[in-house]
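Read off the chains here:
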Amino acid sequence: MKILHTVSELRGWSRAARQEGKLVGLVPTMGALHAGHASLIRAAAERCDAVAVTIFVNPTQFGPNEDYARYPRTFEADCALAEAEGADVVFAPAVEEIYPEGATTFVEVEGLSDRLDGQSRPGHFRGVATVVTKLFVAAEADLAFFGQKDAAQVAVLRRMVRDLRLGTEIVVCPIVREADGLALSSRNVYLNAEQRRQALALSRAIGAVESLVGHGRRDREELFEAARAVLGAERGLRVDYIALVDWATLQPVETAAPGTLFAVAAWVGETRLIDNAILA
Ligand code: AMP
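Every chain's residues receive numbers from 1 upward, in the order its sequence appears when written. With pLDDT at 70 or above as the cut-off, local features in this predicted model cover only qualifying residues; side-chain atom pairs require 80 or more to be listed or tallied, and sums for whole chains, interfaces and linings still use all residues. Hydrogens and water are ignored here; the side-chain numbers use all heavy atoms of the structure.

1. A word on the sheet that holds strand β4 (residues 89-91)
- By the convention used here, strands pair only if DSSP detects at least 2 bridges between them. Where helices and strands are cited, they refer to DSSP runs of H or I of at least four residues and of E of at least two residues respectively, numbered from the N terminus. On the basis of which strands lie adjacent, the open sheet formed by six strands has the order β1-β4-β3-β2-β5-β6 and parallel pairing. Edge positions in the sheet fall to β1 (2-4) and β6 (169-173), since each has one partner strand and no second. For this sheet the average axis-to-axis angle between neighbouring strands, irrespective of direction, equals 25°.
- Pairing geometry for β1 and β4, over three bridges, is parallel. By the bridge assignment for β4, Ile-3 is matched with Val-90. Note on geometry: axes are lines fitted to C-alpha atoms, helical ones only across the stretch in contact, with angles between N-to-C directions running from 0 to 180 degrees.

2. Some words on the domain arrangement of the protein
- Here the domain parsing of the protein yields domain 1 (2-173) and domain 2 (186-278).
- Each domain's extent was defined by an automatic or database domain assignment. Centre-to-centre separation of domain 1 and domain 2, based on C-alpha positions: 26 Å.
- With both chains or domains summed, domain 1 and domain 2 bury close to 2000 Å², and 50% of this area falls on carbon and sulfur atoms.
- One salt bridge in this structure joins Arg-272 and Asp-117, with 2.8 Å as the shortest N-O distance. What counts as buried area is the accessible surface, traced by a 1.4 Å probe, that two parts surrender upon association, with contributions from both included. Definition used for salt bridges: Asp or Glu carboxyl oxygen within 4 Å of a side-chain nitrogen of Lys or Arg.

3. Overview of the sheet that holds strand β8 (residues 261-268)
- Overall, antiparallel pairing links the three strands, which are arranged β7-β8-β9 in an open sheet. The open sheet has two edge strands, β7 (237-245) and β9 (271-278), and neither has a second partner. Strand-to-strand twist across the sheet, computed as the mean angle between neighbouring axes with direction ignored, equals 15°.
- Inspection of the sheet shows β8 paired to β9 by eight bridges, in the antiparallel sense. Bridging from a neighbouring strand, Ala-265 pairs with Ile-274 of β9.

The following block contains the structure:
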């Protein structure tokens, strides 16, 4: 597996692969890879002939008081995992490679980027849309793999790809969880044992809502009440949002339909966690 650092190296690799008739897959990550990322790389290796994993902690998607500086960085282990799961190259650019000095160009997905996580984290989705555009332009991939874990991000990126008529198709992979239900996240390393236990309330809340929907209960307030009861029972956990929205528009809906997104975000200590389900 090769490690590439510049956009022109990545583009050269991708063009050479396509010239050989290969289908090129891209897996954008911020590193600190875990089994959730591994599932994306595996999915890419299954569907594509040439796979690039990008490892880039993107400064523009972090707010001024967020964890950019202390975000976990585990490059060696990441490369080993990427290779084991079938990556052909890792693209690990320096910040100046992605944001040349004085860069003032950004991508704004209006109407979506200020919803859910975008409401709690102003500017977050502008940073995400901008870096993903840059990665798509650099990699010229056929397919790009993202996790449903970041469901609002998927909505923003799908709209962006459609609006800009980008040539890369987005593939969404299911949420990978620990045996006890906790959704895997690079930020889980911030949790101490007690906080990790508290964090289980997120997946329990999701489960409670899915179970209600399974019994035909689809009313927004009833679903929210169930989620609030589970989350509220966990002292030390602070709800950021509970949302029932159309997955494409991120607009609130009154009644859950098949494909509706139910999402929660909560603070456990200094750590903000998210989880969701696409309802049946
Ligand atoms: P990140 O490194 O956190 O930016 O995540 C990179 C990609 O991995 C995103 O598309 C995430 O949605 C995806 N991802 C993160 N956690 C999980 C998970 N538990 N299951 C599936 N995909 C995930």
